[in-house]
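Observations on the three-dimensional arrangement
For reference, the chains in residue letters:
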Amino acid sequence: MIAVAEPPLEFVPRGRQSAAEHPGPHNQTLARHQLPNTEHLLLQRLQNVNISSAGEEAGPNGGSQESWTIRELYDDYEAAEERAARRRQLIERTKRCGPKAAAATQLTSLPQGLLHPPLERREEPMCDYMVNNEEELYVHRNTVVWTQGFNDDNDDGVYRRMCFTSDTPVRFACFLNRSFVRGRLAQMKAAAQSEDDGLTAICVMDQDAVRVYRNDGEDYLANLDFPVSQVWQTSHGLLLEKDSSSALISHLSIPMPRLFSMSHPLHEACPVVLKTATGSTGYMTEPEYSVVFTTEESDLVLLYDAKFFKHFVARLRKVTPDEVNCVGLQQELGQTLLGARSQAGGHSFSSTKHTGATPKAPQASFLGNASKFGLSQSQSFSGVLGQSNRASLGTPLSQLQSSIRSSKSMSVMDMRKMTHVKPAKPIEPEMCLEHIWSENTYGTQREFCEMASRAFIHTDLVGQTFLCYLLARSCRLQLVRLTGYGSSEVQLSTLASTLSAKDAVGLNRLHMIAVLDPGGSLILYTGTVLISKVHITPLLAPTASLATPLFTPTAAAAPPPVSAQSKAPVSVAGCGVGNPVNSSSFVEVRRSSLLPTKAPGDLAAFDEELHMLSPIPPQAVSYTQRQAHNVCKSLRDPAGNRLTLVYATGRMLRIALPLLNDTRLLTRCVATLRQILNPDQFLHFVIRWYSARNPPGSRDYSIEQEWLLFRCTLLALMGLTAAPDVESGESYGRCATPSLHTHFGGATATSTGSGDGSNCSSNSTLGAQDEPKKRRKYNDCEDFTDDDWEFLLLQTTMAPCGADGHSYSVDVHAPLFQMIPAIFFSLHLLYEDLKLDAVFYAALPYLATFLYQLAIDMQLDSYVLHYILDFPELSNRTGKLSLLAAEHGAMMLHQELLRVPAPSVFAQLEHIVVGEEEVLPYSFVDCVNERSRNLLQLVSLVVHGQERLKHWWQLLEIPEAVQANYPRRTRRTITADAPRCHQMVELILAMRLTRRDIERFPAAVHLIVAEALEEARLSPPMGCSMATYELILRPELATHAQLPFLETSIGQPHCGRVYKEDSLSARCPPSGGAEPEPPEQLRHDDMDNMDTKLLRLRFPDDMRVEEVRRLLNSTEPVVIEVQQSPGTSDHEFIEEQEKQLFALCARTMTLPLGRGMFTLRTMMPRPSDSLAMPKLCLVGREPLKGTTIEMQQIEFPANMQMWPSFHNGVATGLKISPQAQDIDSTWIVYNKPKAQANNALEHAGFLMALGLNGHLKTLSFMSVYKYLVMCDEMTNVGLLLGISAAHRGSMDTKTTKLLSVHLEALLPATAMELDIPQSTQVAALMGIGLLYQGSAKRHIAEVLLQEIGRPPGPEMENSVERESYAMTAGLSLGLVTLGQGESPAGLRDLQLPDTLHYYMVGGVKRPISGSQKEKYRLASFQVREGDSVNIDVTAPGATLALGLMFFNSGNAAIAEWMQPPDSRYLLDMVRPDFLLLRTIARGLILWQDIRPDNEWFQAQFPPALRIHLRLPSRDDEPAGEDGDVDFEAITQAYCNIMAGAAFCIGLKYAGTEDMVAFATLRAVIKEFLGFPGTPMGECAGRTTVESCLMVLLISISLVFAGSGNCEILRIIRYLRSRVGPQYPHITYGSHMAIHMSLGLLFLGAGRFTIAKTPESIAALVCAFFPKFPIHSNDNRYHLQALRHLYVLAVEPRLFLPRDIDTNQLCLANISVLEVGATEMRRLPIAPCILPELSSLQQVVVDDENYWPVCFERSRNWHQLEKALEMSAPIDIKKRTGCLSHLEDPDRLKSMLAQTLTMEQSICWQIDSNDLQQFASERMVKPFLSRCLATKGTDLSYQELVKRHQMMLLFYNAVVKDRMHLLPAYLTLYDHVTKSMLTNIDVWQLKLIDAYLSRSQESEHPLISVELIQMMQELFKQEMEDSTRELCLPLREFLSRKRLDPSYVTTVSGPDLQRAFCVINYYNLLPNMLNGVDLSTGTVNYMRILYEFRQLNLGAHTIFGLLKILQALSTEVVTLDEAALLAYTMSTQ
């Protein structure tokens, strides 16, 4: 019998108190205060009508209105490790999917085993976990209370409490698993997150809805379509069981599906398909089937079939398409049969969606199917269908809303008329229940056909899994064995075992079942094996003892903790307290399934259980009031090791069962036993141990006491009776239990049998080591026993066992006797393994003592010596304590294990390092000495490489052991061809070791492993997991491994998180306080966030960013500097000022375009922020008086501000980054302005900007409708362009419909005529191009081609701004066919190139086709175009369409069309500005031929015309032949062709910062700037020169996009200053181009550049179309809104380094290796824009201040791609002693530190001031101040030496950047300088010695060899001193055959310790010198060496022997005498 772990507590659900205090739902409170009138009352009654069959009062557990569930919260360290390892694997796999792996869509391609790992069994059977906490979900009427905490803390323990209230009573509440709440993809994403998952959720279900609440604040609400009778959780989501009463259609017996599955709170509940044992498939409609049990860990469902009275198990899985079709077919068949095609239900249900496969269901017979739907043959169909007024007959799937929901019956047709609903599609099933097992009821009692009341899955202590279900009326618990649980191959055994039980609950993590037997006792089982009864200590009154009489233990005053009092079996009231189980009951553990496990010895107990043999169940007992207190009625709420007992009175007690053990040492020992014992033996042990560990009355044990108990239990089971430990003066334990004479109140119960351990007393007396009474804490016990004599005798005579005549016999029948060798050997391996973990050093003496004694008993000399070397004090005890003789040995199994010398893990490590071949492999047993194998493998990998990884160890398995029930560990693999240090890292990760584990290794191994890792740190593997880099201490690479999972790069720095700088961090970091910047610092020019750290780093030396900000500021009045000349009147002067203002306004109005580029994507608004638009200020200010000037006197257009306001809105919208979260419909509408017309214009632009950044995808369809229905022209333009850009290239049908409404050409001919503004049509046209970009869709291409040449209609349709319309149609067509050329076969017959050529050069009009041809049959009455096509309208669009269509095709024929005319005659045929477009188109077609040099540039102008460029001077007479030269045409052609060529260079080299292109373009800009005043300029005209100059400016800015080039900035600043009446040719368009150039230079605050993809080039052509508007409302040639399409060509390529230690951005040198190149190219110092990624092979940070980081294609390239995409900083780590480029630009400050770090030799005298250089390193300052700062203290010489040596070690670690090696150095130093050396210290030095002597010093550059040699020397010195001082005891040792106590007694304890250290250090053995014979010949050194060599001794050992001989001969001077001494020694 065992006791509970803590006193039982009265249990009251914690939620009860909260629910009592809770006011309840609001409608009830209302009813309380005022009496509602009758309507109100009626309403309330109607509301609370319950559809379900049970009344409202009957809650979830009949009658009572409260219920609760409890579950445990715990930290399971091992499982957490598992999860972390799995996450690492996931991240590995996702990385291989490519750069976008973080997108959940790709996670689906990952292996299922990773995403849904199989249920792994825990390796450790013992509860080695922390019971942390419990959470409880309590339901009372309408309130649910969710609390966490323990009950026993008087309410202090509850640390979280949440209440939820619903309006109707809550029916069910449960905890949910994460995957259900998250949905599958989100769950996968969460699985790949770096930290552990903390999501929990609950589900609350009332009468009509399911509510799900998550602890992160989200919640879901789903309505229920039917009354639910029960909710079940499975691994696939929830199962909802429909109330069986409502599962029939009213008045018709057509069965409906009864079971529905729900895979996510927002998914629909789908019916579940049932696949029966016979293979038939259908919905689960039978009311006889009900679900008994499911569990969220598994997909097994236990159901009960009431028809056949059987339980059956089914597997829940996804349904297959065939099953869907099969069910759908039945459904249709059912419909046909029932005549559902009658008029009422004619169209009611369309056929099911067939999933590809044709239904193959056999056409069953007519009635066969009818009966399936519950129609018996007797029912006439007419009768069923006669009720035509009912809702038409549906099929099970149609959910029958009509019959259940509608109060009035109506036909489906009527409903459709009302709402125009489509015919309902039936809901497709998602899950299928596949039958896998039926209960075998054959041969069992069938009178009680009952459904199980409870079921659970139980895994026992030996790894067998059972499905248990409780038949409460029969008092039976059925256990069905499951094999393959957790896999898809699960199988159930046919026969069930039975335990008698009134109630039972499974204790999962104790691996036990708590059974309440019919007599009311609580019994623990594991599987079918009884472990023990549980004694419940009484509570206050005799209330709670489980029908067990109370007894008072003897000497209750001070029960000694070790020897828990022996309880004799008292026979009172027929109930045995002790139930002594004789050993006979242990012979066969498995027993008959029906009989209870009780020992036949105790007749009283037998009586008690008699009724169990009877087939008649016991009567239901009616208790008297007094008894009811004592009778436990049921168990509930198991969590961890706690459960609740419910008594007949309704009172509840919460008890905690004891864990199997408390200390790690015992956990390891028990795990070891599990590896070698078979299940029966192991259960023997567990039962004994559990009872001995927790007898009633026991309390917490100390570690020693628990160990003693364990040891005695084990010895007794092995049949060895143990004498007391003679190690300390107190608490001896005797494990033998000689005859019991324990007195209980006078009645003496003596058990039979003398000293032999066969009866081993009762369960409860195992713990009572019957020590002699004297020793037992001097109890006041009067009577003494024979034991005292035995004890005294043992104390005095240490004679060998048996000499005193006592029989310490061996019980050869003990359960574990045969396994003694295996147990001994495995515990020895465990002992060796514990030596390798510093944490376990304290536990070693316990194990050593135990094993030492066993080794003596079994006469294993090598083991005896082995333990004595470790613990010399053991050598005091040499007596055998049990008579193990040879004949006993013969009876044992596995003796071969002990025939080899004692395995020593350190010796094996030494063999590996030295490389000895002839060594026995070291035995490895799974779960016992994992660490030993790991270290052997690691060391052999370092020393010998991968070939010999398995050479030094072997796997030892005992086939029939318990472990065979558990799955095997996965095999480890490492890459064969990787460098050794990388293999090392792989191996360590495969072993799941972290850096902290490595630090727990023994110092020598730590150093060897750390050196290999150090090598990996210098040359890290690429593209590995985060764990890899954490292991090799490269934190910056670990953060890179996380890059692919970045969601947003820019986080709002909130409190509590470390402030990390990113690309948008302000130059001055936010102060500690949260107060915003003072308002005077904010300028509200929408560029307040532009003063970033990044721009300061990129442009540290000047104020260019400030200047750009000044140039683009549109919110302040402009300064008007006009002097009033003496003669002008005030009126004229004011007019003059206003004219100046008007000219300046043209400039101000274009500023937003530039500002939009400058601030592009620089903001992450919070969902609660509303965006403020900066105002567009069009007033002036006089500089001196400060008066404001407005335009009042002069004429100016009224709607001048319309488009500028639009651009202003776009600029603000473009600030929002695409990564911004929560930019959804709500937020967009929330930002809609309420007043002023201007704001509507800005909002229109804002919408377009959101679309360009991809945010309009989230705009709901209703919101789009609301915007469009306002019919605001600008809003429509912005919205259409925005939505098209957001869905670019997707051919989205919704968007297509949206655009078609605004395009006449896409509407049918019969469509209603809509009056749509021209600009909206143009926007829709462009939208179509964007939407179908690159698709080459025939219909769209045909329509667009038609639109290019669309004539003006008769009623003035299409007569304004036709150029813009035709040009946009051309651009759209170019986008749709982008780069496709003539390849799309579908477009061949359209002859696109020819038609476009015809539109380009003109020709006779062709008849119009398409849907609108009727409209344009007549020519326009106003616009007379004649018969030929108007190429002034059609040519620009057609030209660019050809250019884009044949982009980069190199098609010479098409390019020929674009060739500029090379004769003067041909030149007259073409408008000069068309030449500009043709040059651009030609460049696009011959993309590869464009070069940036001047030669190519000049070659674009025909050489034949070049001679006419130079105009003759005025003086000369014009020569005759030149007289007819049209100089104007030629110069204009020159300007335009040059501008076109420049634009081509700009496009091709966009963002490359190509210096050749820069030189070419700068020269031509200078040339054009010089034109005014020259003949060239006069001929060309100022307007032409100006427009071409703007194209040149745009081109050069494109090349330097994002670079902030200063020289271009100067050109822009000069051009921008040309304002005023004196520059009439400088139009609104010029300023637009100038500011767009300025914006391009600083694109997105210097974070972006231009992409080079075809789509980007096309977007640039659209945006920078080289015809700029003349005034602010000019859209004649090009819609102004399209200027913003450049956003589609933007690409982030900013390489932004950040120092990982300070989290600040920094400067670093980077180099790139281009594809095909062999040498690295150094880039400007980062942060900088990288070249185009497709052209790079490698990007390397090669800065001497930082650790190198390399991104290489195909390795870790995706990390770089993701970082650039998110503009995320790339972390780099500073080297020790270096300063950043900002702190130390010329590297002089860190000079000293550098010289120190570079130094090769070692410095022995150190000034601690030198170390201050390194103070920035972590740990340096603390170590200096705490360990080495000794100012003001007097140190002794010893302390000074110690300080000096510590300083040396520390200095070395710091200077060489190896701070992490300091612990290893210090540990080694500690080993050397200990005052009392131990064996482990000696081994460390031996291993280091062996390791370093393998190779030269130079081969270990990464560890400080000299320092280690210094420590070795210190140690050798110590050893030699000891050798000298202890030469006599050593001589004694060497000459004896074996140790005997007399030898030991002569030496003191410390000396003994030292002597054994020397023996170990020199590998000395007893009896070593006996083989040396020096009796003849001369004796000298050489002779001695020769003799020793004959013994095959190592040089090291010989050296030690010589030292001993030398020390012995110190009195004797000559060598001869020394030799003589040696001779005498050898003859002894």
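The residue numbering used here restarts from 1 in each chain and proceeds along that chain's sequence as written. Side-chain atom pairs in this predicted model are given and counted only at pLDDT of 80 or more, local residue features only at pLDDT of at least 70, and totals for whole chains, interfaces and linings cover all residues. Side-chain figures throughout are based on the complete set of non-hydrogen atoms in the structure, without hydrogens or water.

**Some words on the overall build of the protein**
A run of H or I in DSSP counts as a helix once it spans at least four residues, and a run of E counts as a strand once it spans at least two, with each numbered from the N terminus. Helix and strand content of the protein: 70 helices and 51 strands. Long-range contacts, defined here as pairs at least 24 residues apart, represent 72% of the contacts in the protein between residues at least 6 apart. Here, two residues are considered to be in contact whenever any of their heavy atoms come within 4.5 Å of each other.

**Some thoughts on the side chain of H1207**
For H1207, the location among the structural elements is in helix α35 (residues 1202–1214). Judged by relative accessible area, H1207 falls into the buried class, the value being 0%. Polar contact criterion, stated in full: a pair of N or O atoms within 3.5 Å, where within protein one must be able to donate a hydrogen and the other to accept it, and residues adjacent in sequence count only if both atoms are side-chain atoms. Of the polar contacts made by the side chain of H1207, one reaches the side chain of H1684; its length is 2.9 Å. The contact partners of H1207, leaving out residues within four places of it in the chain, are P1152, L1153, Y1628, M1632, Q1680 and H1684. Here the term buried applies to any residue with accessible area under 20% of the maximum for its type, exposed to any over 50%, and partly exposed to those in between, with areas from a 1.4 Å probe on protein chains only.

**Observations regarding the packing of aromatic side chains**
Pairing of aromatic rings covers Phe, Tyr and Trp, the last through its six-membered ring, and needs centres within 6.5 Å; plane angles under 30 degrees mean stacked, over 60 mean edge-to-face, and all others mean tilted. One pass over the structure, following the stated rule, counts 32 aromatic pairs. Considering the side-chain rings of F685 and F710, the 5.8 Å spacing of their centres and the 85° angle between planes classify their relative orientation as edge-to-face. Of the two residues, F685 is situated in helix α17 (residues 679–693) and F710 in helix α18 (residues 703–718); the sequence distance between them amounts to 25 residues. You'll find F685 and F710 in the same group, each marked buried. Here F1447 and W1487 contribute two aromatic rings whose centre-to-centre distance is 4.9 Å and whose plane-to-plane angle is 55°, an arrangement assigned as tilted. Here F1447 is found in the loop between α45 (1431–1445) and α46 (1452–1457), whereas its partner W1487 is found in the loop between α48 (1472–1485) and α49 (1494–1499), with 40 residues between them in sequence.

**Here we look at the sheet that holds strand β16 (residues 281–283)**
Strand pairing is defined by DSSP finding a minimum of two bridges between the two strands. With mixed pairing, six strands are arranged side by side in an open sheet as β16-β15-β20-β19-β18-β17. The sheet is open, and its two edges are formed by β16 and β17 (289–294), each paired on a single side. In this sheet, adjacent strand axes meet at a mean angle of 35° when their direction is disregarded. Note: strand β15 (residues 273–275) against strand β20 (residues 431–438), three bridges, orientation parallel. Bridged to K275 within β20 is E434. In this analysis an axis means a line fitted to C-alpha atoms, helices contributing only their contacting stretch, and an angle means the value between N-to-C directions, from 0 to 180 degrees.

**Details of the pattern of salt bridges**
Here, a salt bridge means any Lys or Arg side-chain nitrogen found within 4 Å of an Asp or Glu carboxyl oxygen. In this structure the tally under the stated criterion is 65 salt bridges. Among the salt bridges present, the one from R454 reaches D503, with a minimum N-O distance of 2.8 Å. Taken together, the positions of R454 in strand β21 (residues 454–459) and D503 in strand β25 (residues 503–507) put the pair 49 residues apart, joining distant regions of the chain. For R454, a relative accessible area of 25% gives the class partly exposed. In this structure D503 comes out as buried when scored by relative accessible area, which is 7%.

**Observations regarding helix α20 (residues 820–834)**
Expected helix span is computed as 1.5 Å times (number of residues minus one). Taking 1.5 Å per residue as the helical rise, α20 with its 15 residues ought to reach 21 Å, and the 21 Å between its terminal C-alpha atoms agrees with that figure. Burial of α20 is extensive: 15 of the 15 residues sit out of reach of the surface.

**Describing helix α52 (residues 1555–1569)**
Given 3.6 residues to a turn, an α-helix orients residues that are three or four positions apart in the same direction. Helix length check: α52 (15 residues) gives 21 Å between terminal C-alpha atoms against 21 Å at 1.5 Å per residue, within 8%. Every buried residue belonging to α52 is among A1557, F1558, T1560, L1561, V1564, I1565 and F1568, and all of these are buried. On its buried face, α52 sits against α49, α51 (1527–1548), α54 (1582–1599) and α55 (1606–1616). Regarding α52, its N-cap is D1554, as a side-chain oxygen of that residue lies 2.9 Å from the backbone nitrogen of V1556 further along.

**Here's the deal with the packing of helix α63 (residues 1879–1893) against helix α67 (residues 1949–1961)**
Between α63 and α67, whose axes approach to 9 Å, the crossing angle comes to 25°. The angle between α63 and α67 falls in the class roughly parallel. Crossing hand, α63 versus α67: right-handed. On α67, the residues that touch N1879, V1882, W1883, K1886 and D1889 of α63 are C1957, N1960 and Y1961. When its residues are assigned to classes, the contact of α63 with α67 shows four nonpolar, two polar and two charged. In this scheme, roughly parallel covers angles under 35 degrees and roughly antiparallel covers those over 145, while 65 to 115 is roughly perpendicular and the rest are oblique. For a crossing to be left-handed, the near helix must be turned anticlockwise from the far one by less than a right angle; the clockwise case is right-handed. In the scheme used here, Gly and all other residues not listed as nonpolar or charged are polar, with Ala, Val, Leu, Ile, Met, Phe, Trp, Tyr, Cys and Pro taken as nonpolar and Asp, Glu, Lys and Arg as charged.

**Digging into the sheet that holds strand β38 (residues 1118–1119)**
The strand order across the open sheet formed by three strands is β38-β39-β40, and the pairing between neighbours is mixed. On the outer flanks of this sheet lie β38 and β40 (1188–1189), each paired with one strand and no other. Relative to β40, strand β39 (residues 1180–1181) runs antiparallel, the two sharing two bridges. Bridge pairing in β40 places R1181 opposite T1188.

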